[in-house]
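Structure assessment
The primary structure of each chain is shown beneath.
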Amino acid sequence: EDQKRAMNALNKYAFAPNAFEAPNELYNYLALQRRGYNFFRGPEDPKIHGQVSNYQRNILRHILHPNTLQRITDSELYGNEYKLSMFMRDLNSAIFKADIYSSVNSFRQNLQLNYANMLIDILTGKQSSRYTNSAKSMALYNLKNIRTMAAPSGNISSRAHKQHLRTLIDNALKEIK
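Everything numeric here is computed off the predicted structure, so don't read it as measured data. (Residues numbered from 1 in each chain as written. Predicted model: local features only at pLDDT ≥ 70, side-chain atom pairs only at ≥ 80, totals over all residues. Heavy atoms only, no water.)

In total, this model carries 1 cavity of 30 Å³ or more according to the counting rule given. Space inside the largest cavity adds up to approximately 40 Å³. Lining the largest cavity are Phe96, Asp99, Ile100, Gln112, Met149, Ala150, Lys162 and Leu165. (1 Å grid on protein atoms, 1.4 Å probe; cavity = no way out; pocket = protein on both sides within 12 Å on 5 of 7 lines; lining within 4 Å. Points joined across faces, edges and corners; volume = space filled by probe spheres on them.)

Now the structure itself:
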């Protein structure tokens, strides 16, 4: 029950299409104020997409860590009713379901590509041997579902993004042995 509640909170506050919506005026306040010539290191504009992507990537790294997925699998043996298959299916839905037939905003595009790359790493990355067979099976299952959900729809940017996802997954599936 607690894990299900946590997943709902992650969906609402970190993964939902509107999770990082804010008025444009607010983003202007995030820019560093220019005082003198202290900007030799780089531009002063806020790197909003980079910051949001880092937040989301850190969350995904934690919940997709081999130890976390192993703990979920092991806890099924002593009463955890929120099984790995349910967790992974819910995670896939949280990250993709709202965008299946519509345009994908730029925050979600980054999230979706980061997530797909992490699933691919579970299967083929340097650390893949640390993952259980159950986790690998669910990663493959989710990638195939993402491939289906990434049908071309939405604006041009979204169509390009979904094509990128399909190509990434197709290439990864060729490497899986």
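Within the element layout of this structure, Lys162 appears in helix 8 (residues 156-175). Although Lys162 is buried, it makes no salt bridge; Asp99 carries the closest opposite charge, 6.9 Å away. Ignoring any residue separated from it by four or fewer positions in sequence, one finds Lys162 in contact with Asp99, Ile100, Ser102, Val104, Ala150, Ala151 and Ser153. (Helix = DSSP H or I, 4+ residues; strand = E, 2+ residues; numbered from the N terminus. Buried < 20%, exposed > 50% of the residue type's maximum accessible area, 1.4 Å probe, protein only. Lys, Arg positive; Asp, Glu negative; His and termini not counted. Salt bridge = Lys/Arg side-chain N within 4 Å of Asp/Glu carboxyl O. Contact = heavy atoms within 4.5 Å.)

With that settled, the discussion passes to the environment of Gln109. Structurally, Gln109 can be placed in helix 6 (residues 106-124). Taking the relative accessible area as the measure of exposure, Gln109 reaches 14% and is therefore buried. Along the primary structure Gln109 and Phe96 are separated by 13 residues, whereas in three dimensions their C-alpha atoms are 9.6 Å apart. Residues in contact with Gln109, not counting those within four places in the same chain, are Val104, Ser157, Ser158 and His161. Within the structure, the side chain of Gln109 is placed 3.1 Å from the side chain of Ser157, a separation counted as a polar contact. (Polar contact = N/O pair within 3.5 Å; in protein donor to acceptor, adjacent residues only side chain to side chain.)

What follows covers the pattern of salt bridges. Throughout the structure, instances matching the rule amount to 4 salt bridges. We note a salt bridge from Asp90 to Arg89, for which the minimum N-O separation is 3.9 Å. Across the pair Asp170 and Arg147 runs a salt bridge, and its minimum N-O distance is 2.7 Å. Within this pair, whereas Asp170 is found in helix 8, its partner Arg147 is found in helix 7 (residues 133-149), the two being separated by 23 residues in sequence. Residue Asp170 is classed as partly exposed on the basis of its relative accessible area, which comes to 28%. By relative accessible area, which is 30% here, Arg147 ends up partly exposed.

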